[in-house]
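As a plain string of letters, each chain reads:
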2 protein chains.
Amino acid sequence: MVTIKDVARIAGVSIATVSRTLAEPEKVSEKTREKVMKAVEQCGYVTNTLARNFRRRRSNTVVVLVPDISNLFFANIIQGIEGVAHQNQYRILLGDTQQIPERERAYADLVSQRQADGVICLGRNIPFTYRKGRKTLDPDWPPFAMACEYHGEIPVPTVCIDNIGASQEAVQHLLDLGHTRIAFINGPADSPLCDDRLQGYRRAMKRAKAPLNSSWLTSGDFTLASGYACTQDLLALSQRPTALFCANDEMAIGAMQACRDAGLSLPGDMSIIGFDDIAFAAYTHPRLSTVHQPRNRIGEQVMQLMLKMLKEGGAGETRLVLPHELVLRESTAPPGLVIPGRYG
Amino acid sequence: MVTIKDVARIAGVSIATVSRTLAEPEKVSEKTREKVMKAVEQCGYVTNTLARNFRRRRSNTVVVLVPDISNLFFANIIQGIEGVAHQNQYRILLGDTQQIPERERAYADLVSQRQADGVICLGRNIPFTYRKGRKTLDPDWPPFAMACEYHGEIPVPTVCIDNIGASQEAVQHLLDLGHTRIAFINGPADSPLCDDRLQGYRRAMKRAKAPLNSSWLTSGDFTLASGYACTQDLLALSQRPTALFCANDEMAIGAMQACRDAGLSLPGDMSIIGFDDIAFAAYTHPRLSTVHQPRNRIGEQVMQLMLKMLKEGGAGETRLVLPHELVLRESTAPPGLVIPGRYG
DNA sequence: CTGTTAGCGCGTTCAG
DNA sequence: CTGAACGCGCTAACAG
């Protein structure tokens, strides 16, 4: 292996000069710079970043904890994170946690082991221990930020959208179309984000004086299959809903399939609205109305937040709320509407 | 920061003993082991893996180059890779290259910088320089493996499926149903994998003595939108095909939408078959027939391959071909078939 | 502007 | 079985 010493020898300078030339070329005379660069090329020297990181006591790496990378929603967020990271000479260590605490911990521990400088968490579990009831950020934690999800008690720096508002708008849209029997397929109950979406649903329903029927509240796990299963349950109800709000697009697409399999026509017999606006939403039949989230920007912003924390040391207390947008396509219509010859 | 020195001081032993206790506990007397472990807990010592890696001259990290992480197909492969990596104390550095050579190089360079020990490439571009016409693996390359894609000339260790065979089977299925006017929406032309799929298509058509019409050969970029656009072109042809084979499911789903928008009924007016069997394929309308690839296993196997190369040093020459499977759902039917009242 | 020196935290000899 | 000592490759002080 060719090291900085070899370069120094060949160029006839000290290793410190080589180091400087590479890190801060402007602080070196043009003549020596040329000598050094020539020597570098001649022997094919490449900086041993591992050694540099060790010396500088940081890794220029950020761990990203993803609950499930096969969920499309996260992919775009990761893309945003990765883009900003790359621009700033940071690397992304990917942790697909599958919500398994052992894995969450294992990845978070990489920071104490100096393999990473900070942790970005896309799921809802905080991978560090904290005293129940604690209301402030633990100063012992490494730079830490969340995206999409947030923590109920601790002011973790977070980038997200206004889930209550977005959810309320989605339901309001169904109400505006004339629906009152509106069911909600939410995500896992232990998620603050889902709490908020539920709250938005409740607000809209209450404000419209629409009936709140507890059997219309179901929850899946954000997968296609769970959307399908929940919808089957809803369709078996004697008081069948006429509209369906799903906490993500996957479940909405699962719901569409369940409706079709039950012989319902869409959107005539059932209006469905999703959440996220993944690419597939514009390619369903009928095209899925949904709430758009700026996924790339969420990722970019949370990485920017992380960079700021890394640079300035210590945790910020930002809570960045990015704008969402109701995207109306074809899957929502007034109740009982029949579009002749259009949708099966 | 608490280092191994602190532990040694507290336990009243030398740092060498602490190091040994942590790495090879069986080589230390039980008494000292207890002393050391107690000291470790007492002061909350965590091994500085960065320092260890530096010393051991390896990072226990593998770079994974992904052309586009927002393509669902890759997500499952990454999951497979990550699972095996995690089990073996390896980390995954994620490189979303977007096929940009600069990024591919930047990530591959992490190996020469000792930030990573090997590179797994899911795309088709090799991120190292090689002499055109070279037929052997360059001994200067770091441990390197590909999944899904492969290289035409150089025997890079690869895990994939039999794309020629799989493609041929898919087309054969359409032929068996009675189709002869079968169009093909392929992926990018410069991809060996797509070459193979085209070859499979050609073989099946030739064997069946079906007409090969060059205007039925189109290529997209694996996105929903490109599937849609290609299909629009195909539908505008005077010699319109009755069946469509798409090189991935996304394009097939785009194709379905284009057909519906053109007023065709599915599968009556157009049979469509995809490739990959992503989760959404079972939730389209009609459900998409496709070729299943064992994505998780591909990822697992390629990581196993990488581990083997890392352990034994030097590159293997394995080419692992995993089994695929034709999955027949609802999107393929005999030409002109009308299923009354079923599909819009 | 450049060179000398002193480590970063750990693993690994080699004596004892 | 244990400890002293060295050095991995690099950067950061400081002195010149």
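Details of the structure are given in the entry above.
For the structure given in this document, a descriptive report is provided here. As the structure is a prediction and not an experimental result, all values here were calculated from the model.

**Observations concerning the overall build of chain A**
Looking only at helices and strands, one finds 11 helices and 12 strands in chain A. In terms of overall dimensions, chain A is more spread out than a globule: its C-alpha atoms have a radius of gyration of 26 Å, far above the 20 Å expected for 344 residues. Seen along its three principal axes, the alpha-carbon backbone of chain A occupies a region of about 85 × 50 × 30 Å. Residues classed as buried in chain A amount to 50% of the 344 residues present.

**What about the relation of the copies chain A and chain B?**
Once chain A has been moved 0.0 Å along the axis and rotated by 180°, it coincides with chain B to within an RMSD of 0.2 Å. As the rotation angle and translation indicate, the two copies are arranged about a two-fold axis. When the interface residues of chain A are mapped onto chain B, 100% of them again fall at the interface, so both copies present the same face.

**Focus: the environment of A:Leu175**
Residues and elements named next belong to chain A. One can find Leu 175 in helix H7 (residues 163–176). Expressed as a C-alpha distance, the spacing of Leu 175 and Ala 204, which sit 29 residues apart in the sequence, is 8.3 Å. Beyond its immediate stretch of four places on either side in the chain, Leu 175 contacts Ala 204, Ala 208 and Ala 210.

**As for the interface of chain A and chain B**
Taken together, the contact between chain A and chain B spans 40 residues of the former and 40 residues of the latter. When contributions to the side of chain A that touches chain B are tallied by element, the ones reaching two or more residues are helix H4 (49–56), helix H5 (72–87), strand S2 (91–96), helix H6 (101–112) and helix H10 (249–261) of chain A. Top element by residues in the side of chain A that touches chain B is H5(A). It accounts for 7 residues. Residue composition of the side of chain A that touches chain B, grouped by class: 17 nonpolar, 16 polar and 7 charged.

**Examining the packing of helix H1 (residues 4–11) of chain A against helix H3 (residues 30–43) of chain A**
All names here are of chain A. In contact at an axis separation of 9 Å, H1 and H3 are set at 120° when each is read in the N-to-C sense. Considered as vectors, H1 and H3 are oriented oblique to each other. As H1 runs across H3, the sense of the crossing is right-handed. When H1 is examined against H3, the residues Asp 6, Val 7, Ile 10 and Ala 11 are found in contact with a partner set consisting of Lys 35, Val 36, Ala 39, Val 40, Gln 42 and Cys 43. For the contact of H1 with H3, a count of residues per class yields 7 nonpolar, 1 polar and 2 charged.

**Section: the environment of A:Leu177**
Residues and elements named next belong to chain A. Mapped onto the elements of the fold, Leu 177 is located in the loop between H7 and strand S6 (182–186). You can call Leu 177 partly exposed: it has 19 C-beta atoms within 10 Å. In this structure, the C-alpha to C-alpha distance between Leu 177 and Ala 243, residues 66 residues apart in sequence, is 10.0 Å. Once residues within four sequence positions are removed from consideration, Leu 177 is found in contact with Ser 271, Thr 332, Ala 333 and Pro 334.

**Points about H5(A)**
All names here are of chain A. Between its first and last C-alpha atoms H5 spans 23 Å; for 16 residues at 1.5 Å apiece the expected length is 22 Å, and the two agree. For H5, a buried count of 12 out of 16 residues is recorded, marking the element as mostly surrounded by other parts of the structure. Of all the positions in H5, only Leu 72, Phe 73, Phe 74, Ala 75, Asn 76, Ile 77, Ile 78, Gln 79, Gly 80, Ile 81, Glu 82 and Ala 85 are classed as buried. Count one or two residues on from H5 and you reach Gln 89, which has phi positive near 60°.

**Describing the sheet that holds strand S9 (residues 271–273) of chain A**
Residue and element names in this part refer to chain A. Pairing within the open sheet is parallel, and its 4 strands lie in the order S7-S6-S8-S9. Each having just a single partner strand, strand S7 (217–219) and S9 make up the two edges of the open sheet. Pairs of neighbouring strands in the sheet enclose a mean axial angle of 20°, with direction left out of account. Sheet topology note: the S6/strand S8 (residues 243–246) ladder contains 4 bridges and is parallel. Considered in S8, the bridge of Ala 183 is made with Leu 244.

**Quick word on the environment of B:Ser59**
Tracing the chain through its elements places B:Ser59 in the loop between helix H4 (49–56) and strand S1 (61–66). Under the C-beta neighbour-count criterion, B:Ser59 is labelled buried, with 27 such atoms within 10 Å. When the C-alpha positions of B:Ser59 and B:Ser112 are compared, they lie 11 Å apart, and in sequence the two are 53 residues distant. Beyond its immediate stretch of four places on either side in the chain, B:Ser59 contacts A:Leu50, B:Asn53, B:Arg114, B:Gln115, B:Ala116 and B:Asp117.

**Details of the protein's contact with DNA strand D**
Taken together, 25 residues form the shell around DNA strand D, and within it A:Ile4, A:Ser19, B:Val13, B:Ser14 and B:Ala16 come nearest. Ranked by residues supplied to the surface near DNA strand D, first place goes to H4(A) with 5 residues. Looking at the surface near DNA strand D residue by residue, the classes come out as 12 nonpolar, 8 polar and 5 charged.

**Describing the sheet that holds strand S6 (residues 182–186) of chain B**
Residues and elements named next belong to chain B. In space, the 4 strands of this open sheet follow the order S7-S6-S8-S9, with parallel pairing throughout. Where the open sheet ends on each side, the last strands, each with one partner, are strand S7 (217–219) and strand S9 (271–273). For this sheet, the mean angle separating the axes of adjacent strands, direction not counted, is 20°.

**Some points on helix H9 (residues 224–235) of chain A**
Because an α-helix completes one turn every 3.6 residues, residues spaced three or four positions apart along the sequence face the same direction. All names here are of chain A. With 12 residues, H9 should reach 16 Å at 1.5 Å per residue; the first-to-last C-alpha distance of 17 Å fits that figure. Listed in full, the buried residues belonging to H9 are Leu 224, Ser 226, Gly 227, Tyr 228, Cys 230, Thr 231, Leu 234 and Leu 235. Packing partners of the buried residues in H9 comprise S6, S7, S8 and H10.

**Remarks on the protein's contact with DNA strand C**
By nearness alone, 24 residues border DNA strand C, and A:Ala16, A:Thr17, A:Thr32, B:Thr3 and B:Ile4 come closest of all. Elements with a minimum of two residues in the surface near DNA strand C: helix H2 (15–23) and H4 of chain A together with helix H2 (15–23) and H4 of chain B. Per-element accounting of the surface near DNA strand C gives the leading share, 5 residues, to H4(B). Looking at the surface near DNA strand C residue by residue, the classes come out as 11 nonpolar, 8 polar and 5 charged.

**Digging into the nonpolar core**
By size, the foremost hydrophobic cluster in this structure holds 174 residues, and its most contacted members are A:Val64 and B:Val64. Not counting residues within four places of it along the chain, the set of residues in contact with A:Val64 comprises A:Ile78, A:Ile81, A:Ile92, A:Leu93, A:Leu94, A:Gly95, A:Ile120 and A:Leu122. Of all hydrophobic cores here, the second largest spans 8 residues; its members include A:Ile4, A:Val18, A:Val36 and A:Tyr45.

**A closer look at the pairing of strand S2 (residues 91–96) of chain B**
Residues and elements named next belong to chain B. Counting buried positions along S2 yields 6 of 6 residues, so the element is predominantly enclosed. As defined by bridge partners, S1 adjoins S2 across 6 bridges and the pair is classed as parallel. Directly across from Leu 65, in S2, lies its bridge partner Gly 95.

**Observations concerning the pairing of strand S1 (residues 61–66) of chain A**
All names here are of chain A. The element S1 is extensively covered by neighbouring structure, given that 6 of its 6 residues are classed as buried. Burial along S1 is two-sided: the face carrying Thr 61, Val 63 and Leu 65 and the face carrying Val 62, Val 64 and Val 66 are both buried. As a crossover connection, the stretch from S1 through H5 into S2 is right-handed. Taken together, the 4 bridges between S1 and strand S3 (residues 118–121) define a ladder with parallel strand orientation.

**Comments concerning unusual backbone geometry**
Geometrically, the link from A:Leu266 to A:Pro267 is a cis peptide bond, its omega value of 0° lying close to zero. Position of A:Pro267 relative to the elements: it lies in the loop between H10 and S9. Of note, the phi angle at B:Cys148 is positive, near 75°, even though the residue is not glycine. For B:Cys148, the location among the structural elements is in the loop between strand S4 (144–147) and strand S5 (158–161). Given 25 C-beta atoms within a 10 Å radius, B:Cys148 is considered buried.

Reading the values: the criteria
Residues numbered from 1 in each chain as written. Chains lettered and ligands numbered in written order. Predicted model: local features only at pLDDT ≥ 70, side-chain atom pairs only at ≥ 80, totals over all residues. Helix = DSSP H or I, 4+ residues; strand = E, 2+ residues; numbered from the N terminus. Rg over C-alpha atoms; globule rule 2.2 N^0.38 Å. Buried ≥ 20, exposed ≤ 12 C-beta atoms within 10 Å, placed from the backbone. Least-squares fit on C-alpha atoms with pLDDT ≥ 70 in both. Contact = placed C-beta atoms within 7 Å. Nonpolar A, V, L, I, M, F, W, Y, C, P; charged D, E, K, R; others polar. Axes fitted to C-alpha atoms, helices over the stretch in contact; angles between N-to-C directions. Parallel < 35°, antiparallel > 145°, perpendicular 65-115°, else oblique. Left-handed = near helix turned anticlockwise from the far one by under 90°. Expected span 1.5 Å × (residues − 1). Pairing = 2+ DSSP bridges. Near = placed C-beta within 6 Å. Core = buried A, V, L, I, M, F, W, Y, C linked by C-beta atoms within 7 Å. Right-handed = clockwise from strand over helix to strand, strands pointing away.

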